[in-house]
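One letter stands for each residue in the lines below.
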Amino acid sequence: MSEMTQEHTVVFEPHKPARPMEIVTDKKGDRWLCDEGIDQKKDLRSQGCWNCGELAFNRND
């Protein structure tokens, strides 16, 4: 029976399932789900943020 004499290096880059996100609270107290690094002083919806009150979250209760 032969032995493996050659070493192998495995390069592994972890899968990133989603882009970096953050929760932002606007002046009215509404929470928004936004891409990380948006300008919080500008209109959140126009920057692609989602108003959390408009999203259907399911907690599987």
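Thresholds applied
Position labels on residues start from 1 in each chain and follow its written sequence. Per-residue local features of the predicted model are confined to residues with pLDDT of at least 70, and side-chain atom pairs are confined, for both listing and counting, to 80 or more; whole-chain, interface and lining totals are unaffected and use all residues. The side-chain values count all of the structure's non-hydrogen atoms but skip hydrogen atoms and water molecules. In the sections that follow, a salt bridge refers to a side-chain nitrogen of Lys or Arg positioned within 4 Å of a carboxyl oxygen of Asp or Glu. Put simply, DSSP marks the helices as runs of H or I at least four residues long and the strands as runs of E at least two long, and each gets a number from the N terminus on. Summary of the burial criterion: residues with accessible area below 20% of their type's maximum are buried, those above 50% are exposed, and those between are partly exposed, where the area comes from a 1.4 Å probe applied to protein chains only. Only strands joined by at least two bridges in the DSSP assignment are considered to pair. Here, the term disulfide refers to a pair of cysteine sulfur atoms separated by no more than 2.5 Å. Working rule for contacts: check all heavy atoms of both residues, and any pair within 4.5 Å makes them a contact.

Explain the pattern of salt bridges residue by residue, including any values.
One pass over the full model with this rule turns up two salt bridges. The salt bridge partner of Asp-35 is Arg-19, with a shortest N-O separation of 2.3 Å. Pair noted here: Asp-35 is in strand S2 (residues 31–35) and Arg-19 is in the segment before strand S1 (21–25), with a separation of 16 residues, a long-range link. Residue Glu-54 is joined to Arg-45 by a salt bridge in which the shortest nitrogen-to-oxygen separation is 3.0 Å. Using a relative accessible area of 53% as the deciding quantity, one classes Glu-54 as exposed.

Talk me through the pairing of S1; I want residue IDs and the actual numbers.
Side-chain direction in a regular strand flips from residue to residue, so the side chains alternate between the two faces of the sheet. Pairing of S1 with S2, which is carried by five bridges, proceeds in the antiparallel orientation. Across the sheet, the residue bridging to Val-24 is Trp-32, located in S2. Connecting S1 to the next strand, S2, in antiparallel fashion are five residues, including Gly-29 with a positive phi near 95°.

Before we move on, can you summarise the state of the cysteines with the specific residues and values?
Scanning the entire structure with this criterion turns up one disulfide. A sulfur-sulfur distance of 2.2 Å marks the disulfide that ties Cys-34 to Cys-49. Between Cys-34 and Cys-49 the disulfide shows an S-S torsion of about 125°. By sign, it is right-handed. Here Cys-34 is found in strand S2, whereas its partner Cys-49 is found in the loop between S2 and strand S3 (50–51), with 15 residues between them in sequence. Comparing Cys-34 with Cys-49, the two get one shared label, buried.

Can you tell me about the environment of Asp-30, naming the residues and giving the values?
Tracing the backbone shows Asp-30 in the loop between S1 and S2. Once you skip the residues sitting within four places of it in the chain, Asp-30 turns out to touch Val-24, Thr-25 and Asn-51.

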